[in-house]
Amino acid sequence: AHDPDLYPDHEYRYYLRFQTEARPGVLADLSRLLAEQNISIASVTQPEGVEPVNVVIVTHMARESQLRAALEAIQALPVVLAPPTSIRLEDGTP
């Protein structure tokens with residue numbers, strides 16, 4: 001394991017999970033904030049259910065520093081009900 005602060009420009013794929021309100025526009029907000037940091041989405045899963053709704057996103061390769069910036073902005077959204085979960089996929093597969 002390495003200290004991510006020492007390698008902010010290393011690129012990985014990420015598994016991200018967000019607990020959100022069930023309302024229109026949430027997925028658009030999440031994808032917009034990822035896109036603003038040049039993070040591309042490989043897949044999205046959003047099962048139906050009661051709040052909080054789990055939105056799971058797997059990214060394409062992204063810089064660690066950009067992911068952190070996106071997660072900070074996403075966590076500030078009022079529709080995000082808990083701190084996001086992020087797991088680095090070091091082998092590049094989900």
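Residues numbered from 1 in each chain as written. Predicted model: local features only at pLDDT ≥ 70, side-chain atom pairs only at ≥ 80, totals over all residues. Heavy atoms only, no water.

Peer 1: What is the right way to look at the packing of helix H1 (residues 26-36) against helix H2 (residues 64-75) in this model?
Peer 2: A packed helix pair is summarised by two numbers, namely the angle formed by the two axes and the spacing between the axes. One way to put it is that H1 packs onto H2 with a least axis distance of 8 Å and a crossing angle of 150 degrees. As far as their axial angle goes, H2 and H1 are roughly antiparallel. Helix-helix and strand crossings are classified by hand; for H1 and H2 the assignment is right-handed. Here Leu30, Leu33 and Leu34 of H1 come into contact with H2, specifically with Ala70, Ala73 and Ile74. In terms of residue class, the contact of H1 with H2 is made up of six nonpolar, no polar and no charged. (Axes fitted to C-alpha atoms, helices over the stretch in contact; angles between N-to-C directions. Helix = DSSP H or I, 4+ residues; strand = E, 2+ residues; numbered from the N terminus. Parallel < 35°, antiparallel > 145°, perpendicular 65-115°, else oblique. Left-handed = near helix turned anticlockwise from the far one by under 90°. Contact = heavy atoms within 4.5 Å. Nonpolar A, V, L, I, M, F, W, Y, C, P; charged D, E, K, R; others polar.)

Peer 1: Looking at this structure, I do not really get the pattern of salt bridges. What am I missing?
Peer 2: Evaluation of the coordinates by the stated rule reveals five salt bridges. Across the pair Glu90 and Arg88 runs a salt bridge whose closest N-O atoms are separated by 3.1 Å. The class of Glu90 is exposed, set by a relative accessible area of 54%. Taken together, the shared-partner salt bridges connect Asp29, Arg32 and Glu36 into one network. (Salt bridge = Lys/Arg side-chain N within 4 Å of Asp/Glu carboxyl O. Buried < 20%, exposed > 50% of the residue type's maximum accessible area, 1.4 Å probe, protein only.)

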